[in-house]
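# Inside the fold
Here's the letter readout for the chains.
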Amino acid sequence: MNKYVLVTGGAGYIGSHTVVALSENGYCPVIADDLRNANPVVLDGLTQILGHKPILHQIDICKKEALKDLFKKYSFEGVIHFAAYKAVGESVEKPLSYYENNLLGLINVLECVQQFGVLNFVFSSSCTVYGQPIGVKKVSETTPKQLPMSPYGYTKWMGEQIISDFHHSVPHLKMINLRYFNPVGAHHSALIGELPIGLPNNLFPFIMQTAIGKRSKLIVYGNDYPTADGTCIRDYIHVSDLAEAHLKALKFLECQAEGLIDDLNIGTGNGTSVIEIINSFERITGLSLAYEIGPRREGDVVEIYAEVKRAHEKLGWQARLSIDEAIRDAWAWENYLASL
Ligand code: UD1
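Residues numbered from 1 in each chain as written. Predicted model: local features only at pLDDT ≥ 70, side-chain atom pairs only at ≥ 80, totals over all residues. Heavy atoms only, no water.

## A look at the overall build of the protein chain
- A tally of helices and strands in the protein chain yields eleven helices and 15 strands.
- Whereas a compact globule of 340 residues would reach a radius of gyration of roughly 20 Å, the protein chain reaches 19 Å, a difference of no more than 12%.
- Expressed along its principal axes, the backbone C-alpha trace of the protein chain runs to roughly 55 × 45 × 40 Å.
- When contacts within the protein chain are restricted to residue pairs at least 6 apart in sequence, those whose partners lie at least 24 apart make up 80%.
- Within the structure as shown, the protein chain displays about 14700 Å² of accessible surface, and the carbon and sulfur contribution to it stands at 51%. (Helix = DSSP H or I, 4+ residues; strand = E, 2+ residues; numbered from the N terminus. Rg over C-alpha atoms; globule rule 2.2 N^0.38 Å. Contact = heavy atoms within 4.5 Å. Areas by Shrake-Rupley, 256 points an atom, 1.4 Å probe, with all protein chains shown as cover.)

Right, here's the structure in full:
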């Protein structure tokens, strides 16, 4: 019997890699994605990796009836909910559209989960829920959450709160919030990867697009922070490791006899500075990256990386791929895009 798993936002960056991981492990992922932020290149790449077209339903999960029809059609073993807007800067300019899309989408999915008796639910959360952590750099799941720095951050923070309140009312459900640190890299085939629309906000796509010649130079947002080289420190996690964490989270939930709710950090446990990333990029590709030091970006956290013991203990998961591998794969993906 097919083990159908609903993957909302499955045509996106992390979603598409998770679809691959699920397919390779005996699941039958069903993508719900209205493709507003997706690119046909990723769907073609998915088809090549899977050896067949993915099951895709082009629906907007904010339209409850369309979502219900999907739940009527399949008997889902679990739901992995990615579909959301994720650009921090844009969320400041269009807060209502972020709250509407990210929260309404989540609420509709949870309503269907309850109505159709789906037991296992994984939510795409973010280390953004830790805000500017006070007095710690390595954050664990018990590090107190701080108020987020942007409407985008609030949608993740409120998303976790909604899930917690919802779980209180239906305690037999099994729910996990995966708090990702900085997802980077691409599938080793270079057939799927991150494809930001317009100017990238995030470091990796900006580096890749600069090196390939789409951008003139990278601006490093400040080198006067209290870190060894003065630039901010993050925990960069390979997207394929992240995809595997979703697979393991789902398997873990399936094995639990009782209802539960949990939060798990998904990172490598190590911090890397912006300058270290640039140096690694130059070493691996043999290229010299055009960059200059600019002013600090408002809202940037100085240094944050994950305590990852809990994910290891509960899921038996840990990051396997290095930053060098993430850079190699992101660069191969950028070159593949340039070749199309
Ligand atoms: C950002 C979001 C975070 C979100 C995550 C999703 C902010 C403040 N935070 O995380 O809420 O969950 O994306 O992926 O936007 N950098 C440069 N030059 C650039 C781009 C980035 O120097 O052109 C630096 C940043 O200052 C930072 C590091 O690179 O130190 C990583 O930045 P980025 O990739 O944007 O991720 P976060 O800011 O950690």
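## Things to note about helix H11 (residues 323–339)
- Under the 1.5 Å per step criterion, the end-to-end length of H11 is 24 Å for 17 residues, consistent within 8% with the ideal 24 Å.
- Among all positions of H11, only Ile323, Ala326, Ile327, Asp329, Ala330, Trp331, Trp333, Glu334 and Leu337 are buried.
- Tucked inside the fold, the buried residues of H11 contact helix H2 (40–50), strand S8 (182–184), helix H7 (203–212), strand S11 (236–238), strand S13 (272–273) and helix H9 (274–285). (Expected span 1.5 Å × (residues − 1). Buried < 20%, exposed > 50% of the residue type's maximum accessible area, 1.4 Å probe, protein only.)

## Section: empty space enclosed by the protein
- Under the definition given, this model contains two cavities of 30 Å³ or more.
- What lines the largest cavity is Tyr13, Val184, Gly185, Glu194, Phe204, Pro205, Met208, Ala330, Trp333 and Glu334.
- Contributing elements (two or more residues each) for the lining of the largest cavity: H7 and H11.
- Looking at the lining of the largest cavity, its residues break down into seven nonpolar, one polar and two charged.
- Computed from the structure, the second largest cavity encloses a volume of approximately 50 Å³.
- Forming the walls of the second largest cavity are His81, Phe82, Ala83, Ala84, Asn102, Leu103, Leu106, Phe123, Thr155, Lys156 and Gly159.
- Elements represented by at least two residues in the lining of the second largest cavity include exactly helix H5 (95–115) and helix H6 (151–169).
- Of the residues in the lining of the second largest cavity, the class split is six nonpolar, four polar and one charged. (1 Å grid on protein atoms, 1.4 Å probe; cavity = no way out; pocket = protein on both sides within 12 Å on 5 of 7 lines; lining within 4 Å. Points joined across faces, edges and corners; volume = space filled by probe spheres on them. Nonpolar A, V, L, I, M, F, W, Y, C, P; charged D, E, K, R; others polar.)

## Some words on the site of the ligand
- As a structural note, the neighbourhood of the ligand is formed by 19 residues, with Leu203, Ile219, Arg234, Arg297 and Asp300 the closest of them.
- Here asparagine 201 contributes a backbone N or O atom positioned 3.4 Å from an oxygen atom of the ligand.
- One of the side-chain N or O atoms of arginine 297 is found 2.7 Å from an oxygen atom in the ligand.
- Burial of the ligand by the surrounding chains reaches 88%, relative to a free accessible area of 730 Å².
- Residues that form the shell around the ligand fall into these classes: ten nonpolar, six polar and three charged. (Near = heavy atom within 4 Å. Polar contact = N/O pair within 3.5 Å; in protein donor to acceptor, adjacent residues only side chain to side chain.)

## Comments concerning H6
- With 19 residues, H6 should cover 27 Å at 1.5 Å per step; its first-to-last C-alpha distance of 26 Å lies within 8% of that length.
- Looking only at H6, the buried set comprises Pro151, Tyr152, Gly153, Thr155, Lys156, Gly159, Glu160, Ile163, Phe166 and His167.
- Next to the buried residues of H6 lie helix H4 (88–93), H5, strand S5 (120–126), strand S7 (174–180) and strand S12 (260–266).

## Remarks on the layout of surface pockets
- For the second largest pocket, the calculated volume is near 300 Å³.
- Glu24, His188, Ser240, Glu244 and Arg320 are, among the 17 residues lining the second largest pocket, the residues nearest its centre.
- Those elements that provide at least two residues to the lining of the second largest pocket are helix H1 (13–23), helix H8 (239–255) and H11.
- Residue classes in the lining of the second largest pocket are distributed as five nonpolar, six polar and six charged.

## What to know about the pairing of strand S4 (residues 76–81)
- Counting buried residues along S4, five of its six residues qualify, which places the element largely inside the surrounding structure.
- Alignment of strand S1 (residues 3–8) against S4, held across five bridges, turns out to be parallel. Paired with valine 5 across the strands is glycine 78, a residue of S4.
- By the bridge criterion, four bridges tie S4 to S5 in an arrangement that is parallel. By the bridge assignment, valine 79 is partnered in S5 with phenylalanine 121. (Pairing = 2+ DSSP bridges.)

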